[in-house]
Structures are given as structure tokens and as C-alpha cells.
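The primary structure of each chain is shown beneath.
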Amino acid sequence: VQLQAFGGGLVQAGGSLRLSCTASGRTSRSNFGGWFRQAPGKEREFVAAIRWSGGQTYYADSVKGRFTISRDNAKNTVYLQMNSLKPEDTAVYYCADSPNGILSTVRLEGSYLYWGQGTQVTVSS
């Protein structure tokens, strides 16, 4: 499975960006599609995830109410709509794919088997 992420860029605080991540080569349905991010000097952290089959969504507290994750099953694509961006949202954003259907692991990096290449999001103040 290969994941390709698109949509990063430079935006002013308060602005919006939409990231997309398309999967190819998948032979069986994944359970969760997720987004993580890593800021300079920090560990990679969970941002949001969505269950492919039912569409249930999960968010980190830091982005709840500002970011929206969605998916298009037909296109094998997960989106992350980011609104009201803040300078602290600056990071490299990674999409990931988890075959693990256990809800308690949805925020755990180790639960995700496939990763995209990362896309830079920079929010200026």
C-alpha cells in the first residue's frame, strides 16, 4: 500500500488548508485512516482519524472544532480540512493507514502500518 499526501503550504494564522491522502495498491479494506503531525524538535502526534466503514471520526483535543477529517471510499482518499489555523499547527503532516480495527488504538502511532511521505504545513503569525 502506498499513500500520497497533498495540500500542504504556507498560510497566515486564521486561514485554511485542505490536505488529501490517496491510497493505492490496497488489496483489503483498511480500518482507520489517520493524520499525524510532527513539529520541529517534537515527537510525532496524533491529529485525527476516521473509520473507513462507518465514518466515525476521532480528534486530538488541540484540533477539535477546527479540523475535520473525511473520506471518499470510492477514491480511497482521506481528507483533512484545517480551519482557523494557528502558528502552533506548523508541522509536517503525515497520513497513515491502519488495518487494526481496535478503537482504543486509533490514536497510537504504532497501530498504523502504512505511512505517506509527509506534507509541510506552515502557519505564519
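Notes on the structure in this doc start here. Nothing here was measured: the structure is a model prediction, and the numbers come from that model.

**Regarding the packing of aromatic side chains**
Part 1: Overall, the coordinates contain five aromatic pairs when judged by the stated rule.
Part 2: Taken together, a centroid distance of 6.0 Å and an interplanar angle of 75° make the contact between Phe32 and Tyr58 edge-to-face. Here Phe32, found in strand β4 (residues 32-38), pairs with Tyr58, found in strand β6 (residues 57-59); they are 26 residues apart in sequence, far enough to count as distant. Both residues of the pair, Phe32 and Tyr58, belong to the buried class.

**Observations concerning the side chain of Ser98**
Part 1: Tracing the sequence through the fold places Ser98 in strand β9 (residues 91-98).
Part 2: Ser98 gets classed as buried once you look at its relative accessible area, which sits at 0%.
Part 3: Of the polar contacts made by the side chain of Ser98, one reaches the backbone nitrogen of Asn100; its length is 3.1 Å.
Part 4: Residues within four places of Ser98 in sequence aside, it is in contact with Ser30, Asn31, Phe32, Ser111, Tyr112 and Leu113.

Rules of the game
- Residues numbered from 1 in each chain as written.
- Predicted model: local features only at pLDDT ≥ 70, side-chain atom pairs only at ≥ 80, totals over all residues.
- Heavy atoms only, no water.
- Phe/Tyr/Trp six-rings, centres within 6.5 Å; stacked < 30°, edge-to-face > 60°.
- Helix = DSSP H or I, 4+ residues; strand = E, 2+ residues; numbered from the N terminus.
- Buried < 20%, exposed > 50% of the residue type's maximum accessible area, 1.4 Å probe, protein only.
- Polar contact = N/O pair within 3.5 Å; in protein donor to acceptor, adjacent residues only side chain to side chain.
- Contact = heavy atoms within 4.5 Å.

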